[in-house]
Amino acid sequence: MFSALLVIDVQKCFIEGGSLPINGGRQLVPLINEMLHNYKKYFKKVIFSLDFHPANHISFASQHLNKSVLDHVTLNYDKNGAFKFVQTLWPDHCVENTTDSKLADELNFEIDDVTLLKGTDQNIDSYSAFYDVGRFSQTALHSILTQNNIKNVFVVGIATDFCVKFTALDANYLGYTVYVVEDLTRGVSENSVKEALNEMEQDGLFVNLNICKKN
Ligand SMILES: [Zn+2]
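Source: prediction; values computed, not measured. Residues take numbers from 1 onward in each chain, read along the sequence in its written order. Note on the predicted model: pLDDT of at least 70 is required for a residue's local features to be given, and 80 or more for side-chain atom pairs to be given and counted; whole-chain, interface and lining totals, by contrast, use all residues. Hydrogens are left out, water is left out, and the side-chain values use all remaining heavy atoms of the structure.

**Side note on empty space enclosed by the protein**
A probe matching the size of a water molecule, rolled over the atoms, marks out where space remains unfilled.
Then, number 1: Site definitions follow a grid-based scheme: protein atoms alone, a 1 Å grid, a 1.4 Å probe that fits but cannot get out for cavities, and for pockets an open set with protein on both sides within 12 Å along at least five of seven lines, plus lining residues having an atom within 4 Å of a point. Grid points are joined across faces, edges and corners, and a volume is the space filled by probe spheres set on the points. Scanning the model with the defined rule gives one cavity of 30 Å³ or more in all.
Then, number 2: One number sums up the size of the largest cavity: a volume of about 130 Å³.
Then, number 3: Phe14, Leu20, Tyr127, Phe162 and Cys163 are the residues nearest the centre of the largest cavity, which is lined by 17 residues in total.
Then, number 4: Polarity classes work like this: nonpolar for Ala, Val, Leu, Ile, Met, Phe, Trp, Tyr, Cys and Pro, charged for Asp, Glu, Lys and Arg, and polar for all others, with Gly in that last group. Residue classes in the lining of the largest cavity are distributed as ten nonpolar, four polar and three charged.

Rendered as structure tokens:
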């Protein structure tokens, strides 16, 4: 039985200087590199996801009349309107093929690692590296893990309360044993991080794994 490390959205857009910077994002880069240096041999696959949106993506506030960043809109995604998702609106971020969308500088990506794009459909957001928010379509992640007989996934990255959480919950939904390495994640706000950690814990995930030395 094998393990994979999922490095979620450690991209220029989500660290200081990017289009949607998350506090402490840049600090994660050396910490994740250190983890890879010390523990990479335990992972059969290391997968780096990238938020990768068309310029007119539905999650951008700029695409909605009279809406601002962090407003919410309720979107119907299926034909009969049964599936609704309350979409948080974001600044334009991680636009495909821009410098902003690239992995953070200095992140230790190696030739045998995998990159995985998400959020590429203009009409629906994807916080998770597995599915869009409606689970209507999925990325190659589940099949890559299945082909490699991977049963355990360790999740690190950005943001704890969005893409890390949705990825971890989807991994659990798909039957993986899920570990969220809490101190290798950074979130949008302290409160929603706390709620996200609780939600993941209640779903049966292991969320209190910390590998950095505490001062
Ligand atoms: Zn996004």
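And the narrative resumes.
**Side note on the sheet that holds strand S8 (residues 206-209)**
Then, number 1: Spatial strand order, S5-S2-S1-S6-S7-S8: six strands in an open sheet with parallel pairing. The open sheet has two edge strands with one neighbour each: strand S5 (114-118) and S8. Going from strand to strand, the sheet's axes swing by 25° on average, the running direction of each strand aside.
Then, number 2: Sheet topology note: the strand S6 (residues 150-158)/strand S7 (residues 177-186) ladder contains six bridges and is parallel. In the sheet register, Val155 faces S7, and the bridge partner there is Val180.
Then, number 3: Contacting strand S1 (2-8), strand S2 (45-51), S6 and S7, helix H1 (residues 25-39) crosses the sheet at an angle of about 130° to S7.
Then, number 4: Along the sheet face, helix H4 (residues 190-202) touches S7 and S8 and points at about 120° away from the line of S8. Here, strands pair whenever DSSP counts at least two bridges between them. Strands here are runs of E lasting at least two residues and helices are runs of H or I lasting at least four, both read from the DSSP assignment and numbered beginning at the N terminus. A fitted line through C-alpha atoms serves as each axis, taken over the contacting stretch for helices, and the angle formed by two N-to-C directions is quoted from 0 to 180°. Contacts between residues were defined by any pair of non-hydrogen atoms, one from each residue, lying within 4.5 Å.

**Side note on the pattern of salt bridges**
Then, number 1: Here a salt bridge means any side-chain nitrogen of Lys or Arg lying within 4 Å of a carboxyl oxygen belonging to Asp or Glu. Tallied over the full model, the rule gives eight salt bridges.
Then, number 2: Measuring nitrogen to oxygen at the nearest pair gives 2.9 Å for the salt bridge that ties Asp105 to Lys12. Here the residue Asp105 occupies a position in the loop between strand S4 (84-88) and S5, and Lys12 occupies one in the loop between S1 and H1, the gap between them amounting to 93 residues.

**Considerations on the state of the cysteines**
Each disulfide consists of a covalent bond between the sulfur atoms of two cysteine residues.
Then, number 1: Working definition: a disulfide is two cysteine sulfur atoms within 2.5 Å of each other. Under the counting rule described, the total for this entry stands at one disulfide.
Then, number 2: The disulfide that involves Cys13 links it to Cys94, with 2.0 Å between the sulfurs. Its torsion about the S-S bond being 90°, the disulfide of Cys13 and Cys94 is classed as right-handed. With a gap of 81 residues between them, Cys13 in the loop between S1 and H1 and Cys94 in the loop between S4 and S5 connect regions that are remote in the sequence. Each member of the pair, Cys13 as well as Cys94, carries the same accessibility label: buried.
Then, number 3: No disulfide involves Cys163; its sulfur sits 8.5 Å from the nearest other cysteine sulfur, which is in Cys94.
Then, number 4: Partly exposed residues are those whose accessible area sits between 20% and 50% of the maximum for their type, while under 20% is buried and over 50% is exposed, using a 1.4 Å probe and protein chains only. By relative accessible area, which is 6% here, Cys163 ends up buried.

**Re the UniProt feature "domain: Isochorismatase-like" (unreviewed entry) in the protein**
Then, number 1: UniProt positions are given in the numbering used here, feature names are shortened, and annotations may be inferred rather than shown by experiment. Listed under "domain: Isochorismatase-like" (unreviewed entry) in the UniProt record, and renumbered for this structure, are residues 3-204.
Then, number 2: Structurally, residues 3-204 is divided into 24% helix and 23% strand, and its ends, taken at the C-alpha atoms, are 18 Å apart.

**Some remarks on the environment of Phe85**
Then, number 1: Structurally, Phe85 can be placed in strand S4.
Then, number 2: For Phe85, a relative accessible area of 12% corresponds to the buried category.
Then, number 3: Taking the C-alpha atoms as reference, Phe85 lies 7.6 Å from Val133; in sequence the two are 48 residues apart.

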